Number of protein chains: 8
Amino acid sequence: MSEESLRNLLEDIKSDKVSIDEAIESLRQLPYKDLGFAKVDHHRELRQGYPEVIYCAGKTPEQVQSIVEAMISRGSNIIGTRADETMFNVVKEICDKAIYHKSCKMITIENHKITLTNSYIAVVTGGTSDIPVAEEAAITAEILGNKVERVYDVGVAGIHRLFDKLDIITGAKVVIAVAGMEGALASVLGGLVSKPVLAVPTSVGYGANFGGLAALLAMLNSCASGTAVVNIDNGFGAGYMASIINQL
Amino acid sequence: MSEESLRNLLEDIKSDKVSIDEAIESLRQLPYKDLGFAKVDHHRELRQGYPEVIYCAGKTPEQVQSIVEAMISRGSNIIGTRADETMFNVVKEICDKAIYHKSCKMITIENHKITLTNSYIAVVTGGTSDIPVAEEAAITAEILGNKVERVYDVGVAGIHRLFDKLDIITGAKVVIAVAGMEGALASVLGGLVSKPVLAVPTSVGYGANFGGLAALLAMLNSCASGTAVVNIDNGFGAGYMASIINQL
Amino acid sequence: MSEESLRNLLEDIKSDKVSIDEAIESLRQLPYKDLGFAKVDHHRELRQGYPEVIYCAGKTPEQVQSIVEAMISRGSNIIGTRADETMFNVVKEICDKAIYHKSCKMITIENHKITLTNSYIAVVTGGTSDIPVAEEAAITAEILGNKVERVYDVGVAGIHRLFDKLDIITGAKVVIAVAGMEGALASVLGGLVSKPVLAVPTSVGYGANFGGLAALLAMLNSCASGTAVVNIDNGFGAGYMASIINQL
Amino acid sequence: MSEESLRNLLEDIKSDKVSIDEAIESLRQLPYKDLGFAKVDHHRELRQGYPEVIYCAGKTPEQVQSIVEAMISRGSNIIGTRADETMFNVVKEICDKAIYHKSCKMITIENHKITLTNSYIAVVTGGTSDIPVAEEAAITAEILGNKVERVYDVGVAGIHRLFDKLDIITGAKVVIAVAGMEGALASVLGGLVSKPVLAVPTSVGYGANFGGLAALLAMLNSCASGTAVVNIDNGFGAGYMASIINQL
Amino acid sequence: MSEESLRNLLEDIKSDKVSIDEAIESLRQLPYKDLGFAKVDHHRELRQGYPEVIYCAGKTPEQVQSIVEAMISRGSNIIGTRADETMFNVVKEICDKAIYHKSCKMITIENHKITLTNSYIAVVTGGTSDIPVAEEAAITAEILGNKVERVYDVGVAGIHRLFDKLDIITGAKVVIAVAGMEGALASVLGGLVSKPVLAVPTSVGYGANFGGLAALLAMLNSCASGTAVVNIDNGFGAGYMASIINQL
Amino acid sequence: MSEESLRNLLEDIKSDKVSIDEAIESLRQLPYKDLGFAKVDHHRELRQGYPEVIYCAGKTPEQVQSIVEAMISRGSNIIGTRADETMFNVVKEICDKAIYHKSCKMITIENHKITLTNSYIAVVTGGTSDIPVAEEAAITAEILGNKVERVYDVGVAGIHRLFDKLDIITGAKVVIAVAGMEGALASVLGGLVSKPVLAVPTSVGYGANFGGLAALLAMLNSCASGTAVVNIDNGFGAGYMASIINQL
Amino acid sequence: MSEESLRNLLEDIKSDKVSIDEAIESLRQLPYKDLGFAKVDHHRELRQGYPEVIYCAGKTPEQVQSIVEAMISRGSNIIGTRADETMFNVVKEICDKAIYHKSCKMITIENHKITLTNSYIAVVTGGTSDIPVAEEAAITAEILGNKVERVYDVGVAGIHRLFDKLDIITGAKVVIAVAGMEGALASVLGGLVSKPVLAVPTSVGYGANFGGLAALLAMLNSCASGTAVVNIDNGFGAGYMASIINQL
Amino acid sequence: MSEESLRNLLEDIKSDKVSIDEAIESLRQLPYKDLGFAKVDHHRELRQGYPEVIYCAGKTPEQVQSIVEAMISRGSNIIGTRADETMFNVVKEICDKAIYHKSCKMITIENHKITLTNSYIAVVTGGTSDIPVAEEAAITAEILGNKVERVYDVGVAGIHRLFDKLDIITGAKVVIAVAGMEGALASVLGGLVSKPVLAVPTSVGYGANFGGLAALLAMLNSCASGTAVVNIDNGFGAGYMASIINQL
């Protein structure tokens, strides 16, 4: 039911062409779509300046390009995750502002200026091999308007490296712990900081790591309270969730 | 190194019994324990009124009783999770204020009055069988000082039940989504609300549910952003994490 | 928005107390709940005589009783699955018509007479140990108004037993294949009949059966087309789905 | 035993060359093959115009070509699934009518005109990355003679997109729900429509998705009745099963 | 079609009541069942003295009793596997010859005298905890008419124990290797003997044994040729297979 | 201890150079190797004409070549499994008789004439995609001196194809059942034939097939007795085991 | 071949009753058992005072009793693992010195005095629920003659507790790290101490812990070098291995 | 807090600029990093000549090069694991002494002469395909200063090969058992030698090997005491752990 037909109905009530009982019945059938789901939309897409996200994996470069094209016209900032360079190239053709973050395979387009929060999100990794996932989290958080501090390569095998940076970590409003292998970083951080810790298991490792399963299970079973987990290698998800919490 | 021995060392410096070089060497070796880990402790145990938590499973009633005894002397509020009635009975013997929450097998002891937050945490379940886990989350959150709204039995098989309660859910500062079977509730909520959603998979179900694995994997793979996951049946963990976020 | 408030709004339009523009805005915000989700409800709960289903596992006998009580007042037929005898006894107290199907742990209450379809559903099992699951399917289908033919213990280890009954099976409009162990029955039936085959893996077996996983995977990988699978031991689900198809 | 030898045997009975006891013994040994399995064959291969199916994966292009060659001579319509372009090219050489559906890697050959059903099958996907699997289902259903409506990219993360199309979906006689990630689409549809829902988990996703296992388990554990599941990425199987149901 | 009706048909041919063409058509439709599946049956049930097998798990004592009753009337020897003592007691009531093998939970009934083979089957176990499964194999083989040599508790942790008995093992025509934990016995035996080795993984062990999965996988991956594997704890299956091979 | 040194020791006893006590001690320490493991070796390597086997995967072409070179000098027949064409080419350089079986990636070298058994092994496959594994089994069996009958593409989805060939299958002394997907072929064959059935699950399939796991579990859980299983895709193992049984 | 028969053979050589060639042949066939496997036995069973171990699970009390009886006659110290109280009671009947360690379900019998090592093994646990497994390790190590230091309940969620005890831990020659849940203790210890760390995952935890799998995988994937892992809950294995290392 | 600021603080105490109470407070807050973690560091990085390790997988060649560059300046010996040839080439550019071990993909740099231990580590493999992992262990142990004996291709399928080398194996202080497939080698060695056995499962195998899982589980479940396990294919970890034990 379009706005027009709703208006017509109401005018028909007013002019007695339709009885109130008939109108009630008619409105009861009001299809979901016609409501526009205003309240729902508000929080995700209608809020001015909120970035839109494309999960690029499994799409053709052409599909990515045309989705970006549609989004640009709305003036949104844009995040493309799991994008390869070919995808970036076709996006670049139609949008000069597009930037490719090679390490984490993200495309970002900043159509309007982002103001960062005062509080910050600390993104912490166990090793250097976890950095691509951490960067996905960090860049996601930044384009969503958050200040980010990166604390990389402070895994528990050399726990003094972690303690060296403890001030930066404990000063954050949200901590993202990115680790592969046995994922112990999340538990140690969960025990040391009093802020929410979002744990991101990575697929870094081999053998009985089973593509990140070892770290995932470890993080889910963390003996430290105040920790929740996102999917393996899901830096984007952690950055997004951290942003919501940081901006509460 | 106790405070006394540190004081002695410093006085020996002052009185020239120990050279500064010797003192530096001595302090460099300063064992971790002697530092008291003050900063770390602050956030968990020294903060006045913060409840202490006992994971009762795998402990004998006697162990539970003696841990509670020690805690009472510190005046803390106390949470005991996964406690059976025998454990409660021995605790009750030494502490009249102890309350047993049968549905979620928790013991709580409110040694000092809790003031609740204004913002609230919504605890939502898919079915009635998920309620014990939800209660663990809700009661944890309450004794940690949070206002809680319970929205139970609104699973996606009858999605209108969920929409009926959407106002309560979207009004929360944090949402806890508790669901077994296929765990779709978390994804649907993640798509409808703009606040952080903590997903708790439950072991409710049978067959290829594999003790909650189905819901766990579904929640980790949620297509909705703004969701993070705790361990299967870990209502406590979700309530604790939600409390941290709600009180940021 | 209740029907009353909607009526009031429409009358306010009629009497010019509210402008059409205001009313459109107001209706656009119409909360989901107020729509009553009429269309949705039609197919499940409002259709006269359609049974209501309670998944009893994980509920207390008291909860089961009070749910049944509420349903009886609506005059529906009732199915309770995974119910133990204690649950049945408390239900029996408030409803004389309640019947307990011990083999498959179901409670059924036939509040109004069921007329059966002419076409029938064949429920086929590999062994006698699969019968409880098959009975759950068969009784579900019957109380949903379907004629059912039971063909039990015709597993592929003695394939002539299956061929002996092939006429009954091929005469059905829908076939439910219930089998544990290696679940080959579904594939063999899928190759022999031209009607939809709903495969129900059971947890019958031991060792590398892994609680029905072996049969489940086999059925999902069936080389015969025309087969779909429900959860392990989910006789109810198969009976329900078969009923929908049989009554299309 | 060919028809000739059977005829000879019977004539020998008639002419007393063979005693009835000898004939009974002889017929008792009648090999299966000689029966021709008429009843069985009827429903799959002898029915005029029913397409024949080749599962191309793991075959050489030459094998595919020669199977197609044999089928063409029988005048059947043909479906080749999981076919790469090399396979298509060699098929094209011998059959001009062959069409390659690149997105879902299918070859179809329409040797005789297909008349579509009036009732239709709705093929619904959660995301755009699920489209190849959905196309396999849709094209399979079409060449089997069914009208198909495609409703793509209506996943639960933005549930209003799904409600926008609810009329098309609820109007179908059978619904195919294709979704990767957490596969919640199937449960939500199962709760909203009263027709059979065939759920197809896809391998779209990453990390703890485990190649579609997350969606598979979710769909098997769906809290909504009226749902059955096919193998991961098995669009063909869903299309075939839906066709059987749609044409009952 | 019973023998009588077949005889009638043939006599009708002879007496010209039925034409040969009609008879051919009639015989072509001859249902599977009417053939009696003579060839198939021969090897399992019609061979005089061959035991009949009941898988008792999941059956009620009454069901077991009535199956045994039917079998006794045919004069067969009988094996009941996975039987508890209650089942045995009701069987004992109707059959005095019934024997209960407590360690492996088998019922055997020797209705007619068994003559043993000259060649023998060696049943070998890694530990004493594997003996129940080994006994299931040994007793199955014995009632099937095979001479059996038991070589128990010769696991690879003390490989000299195995070598002490090597003569008995290498003298067998078939070797059954029963082992839990890591199941290395099968590989070591496979490397030492030139006869077929049937490996039976047992669920003996704990932790990452996962109910026998460790031994199962080890045996499937044996680096020694000449080994095949049956299901976890499936002593019956190994004894049956060994019997077939021993009596070739 | 070589034969020479043993002879010297015994002569020293005879000539009183060594006391009997010293000799006993010396012989007690007799290293395992010096025994020559004659009995053990007989069955594998010393038996004239028995082929030697190389598992080529994970070896360099050079390693394969030099192992072959050593074997040729002993005059054995040779089987190389999982060999790629590069390996074959370097083998071909040093041995003209080498043959490459492309479909199953085997190299065979027949250094001396093989006489085949009278009894035969039937190698049966469910589909055409299972043929490479079946060929590995068949060629292994042949070079080990067994007559082999191939019965391919007779899977249970069209069970009449299987019955058409039942005579060939039931005539075999050993049956090898090769099947992917749900592996039901093994159960059906196990129920139809009275000879040992060796089941080979293949990795043919997709989705919840999990690289052959579905077929493996199905075969391990076969409801038909007289079946044992080898590793996924292990045609060689099945051929080898079948050969041992066929030549008992 | 007993020592006597060997002596006889050698004397027959000396007295020319047996030729050297005959003797060589005879000795070549010398069965393994007759050698007594002296070298092998030395290290396990013949070494005076070394305890003998019984894995009691799956044995009957009578079996345990008779094994103990046999061992006592040899004067060994004895360890019985996974023993229930019934087993202990029957052992106690025949051996007064038997002690039952209830927490870890072990029976020990100290038949002769044990002298402890100077160096010690540190047994460290994450939580109090891990103590039973730790006690199994500690008591095993003690009866094997090692000094043991217990450091319990120092898990990483409160890492200062661990640092408080670091001196005791770093002073050990071998460290046993016992932890359930996410098993991070092993990684943190591995990074802090320079001695071998034996990690024992425990089944303490719930949900996605999967009976200790989470801790097991975490420990296997430890980012800290110098760590090796034993089976879940295998305190005995860790104590035994630690003893070997401590006594090198 | 650097040494300078600590010195200043102490001098301020001495000169009464700071009271002892203030100093205690100040030292109590002493951040972890300022202590330099001397004790911890000693054992890993400060010990002169101890090699430093780079896990190269997942790093760019440039990252590897710059890490090596930093390490060289400290004069350490260096191990780079999981390095490809490109990484080696860029390392070679800046360090002439770098050696590439192609079979196990390691880079080693011996900046100062290594003196080997007298006792040795035996590295034993089941097959030739396990050699790369074994070499990673052996080379790691060697550059850590240990004498190593390699005993390759002595798997249990031909157990006499193992016994031939038993003297070398039993003479070692530590044994590393490297095996894929079913990993039985570890159990057999564990039963034969009295020294610690470190088991390394390899991913050699196929089918139900699941990338080394079969060998891993087998080794964890070894029935032989005195065995501990490292991650699949983790030759480095085994070599490192063996070195620690060998040098105790």
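Residues numbered from 1 in each chain as written. Chains lettered and ligands numbered in written order. Predicted model: local features only at pLDDT ≥ 70, side-chain atom pairs only at ≥ 80, totals over all residues. Heavy atoms only, no water.

1. Re the overall build of chain A
Convention followed: A helix here means a DSSP run of H or I that spans at least four residues, while a strand means a run of E at least two residues long, and both kinds are numbered starting from the N terminus. With a 1.4 Å probe rolled over the protein chains alone, any residue whose accessible area is under 20% of its type maximum counts as buried; one over 50% counts as exposed, and the rest are partly exposed. Residues are treated as being in contact if the distance between any of their heavy atoms lies within 4.5 Å. Here the accessible surface of atoms and residues is derived via Shrake-Rupley with a 1.4 Å probe, and residues count as covered only by protein chains that are part of the display.
Looking only at helices and strands, chain A has eleven helices and nine strands in total. Put simply, chain A has 248 residues, and 62% of those count as buried. Long-range pairs, those at least 24 residues apart, make up 67% of the contacts in chain A between residues at least 6 apart in sequence. Here chain A has roughly 8600 Å² of accessible surface; of this, 50% comes from carbon and sulfur atoms.

2. Observations regarding the relation of the copies chain B and chain A
Definition in use: Least-squares superposition aligns the copies on the C-alpha atoms of those residues with pLDDT at or above 70 in both.
Its rotation angle being 180°, the transformation that places chain B on chain A also includes 0.0 Å of axial translation and leaves an RMSD of 0.2 Å. One copy is carried onto the other by what is essentially a two-fold rotation axis. Residue Val229 of chain B of chain B places its C-alpha closer to the rotation axis than any other residue of that unit, at 2.5 Å. Mapped onto chain A, 100% of the interface residues of chain B again fall at the interface, so both copies present the same surface.

3. Description of the domain arrangement of chain A
Residues and elements named next belong to chain A. Worth spelling out the cut-off: What marks off one domain from the next here is an automatic or database domain assignment. In short, buried area is how much 1.4 Å probe accessible area vanishes from two parts on joining, totalled over both. By definition here, a salt bridge exists when the distance from a side-chain nitrogen of Lys or Arg to a carboxyl oxygen of Asp or Glu is within 4 Å. The term polar contact refers here to a pair of N or O atoms within 3.5 Å; inside protein, the definition further demands a hydrogen-donor-capable atom paired with an acceptor-capable atom, and it admits residues adjacent in sequence only when both atoms are side-chain atoms. Only Asp, Glu, Lys and Arg are considered charged, only Ala, Val, Leu, Ile, Met, Phe, Trp, Tyr, Cys and Pro nonpolar, and every remaining residue, Gly among them, polar.
Domain boundaries assigned for chain A yield domain 1 (3-109) and domain 2 (120-246). Each side of the interface is counted separately: domain 1 has 14 residues, and domain 2 has eleven residues. Regarding the contact of domain 1 and domain 2, the summed buried area is about 1100 Å², with carbon and sulfur atoms giving 67% of it. Scanning the region where domain 1 abuts domain 2 turns up one salt bridge. Across the pair Glu136 and Arg82 runs a salt bridge whose closest N-O atoms are separated by 3.7 Å. The interface formed by domain 1 and domain 2 holds one residue pair in polar contact (both at pLDDT 80 or more) in total. Considered class by class, the residues forming the side of domain 1 that touches domain 2 number eight nonpolar, four polar and two charged.

4. So, the interface of chain D and chain C
Listed as interface residues are 32 residues of chain D and, on the opposing side, 32 residues of chain C. Across the interface of chain D and chain C, roughly 2800 Å² is buried in total on both sides, 67% from carbon and sulfur atoms. Per-residue buried area on chain D facing chain C is highest for Leu220, Met241 and Leu248 of chain D; these three make up 20% of the total on that side. Run the count over chain D and chain C and you get zero salt bridges.

5. Observations concerning the pairing of strand β4 (residues 106-109) of chain D
Residues and elements named next belong to chain D. Using the following cut-off: DSSP calls a pair of strands paired once it identifies at least 2 bridges connecting them.
Alternating positions in β4 separate into two faces, Met106 and Thr108 on one and Ile107 and Ile109 on the other, with burial throughout. Across three bridges, the pairing between strand β3 (residues 99-101) and β4 is antiparallel. Bridging across to β4, Ile99 finds its partner in Thr108. Following β3, the chain reverses through four residues before pairing antiparallel with β4; Lys105 in that reversal takes a positive phi of roughly 55°.

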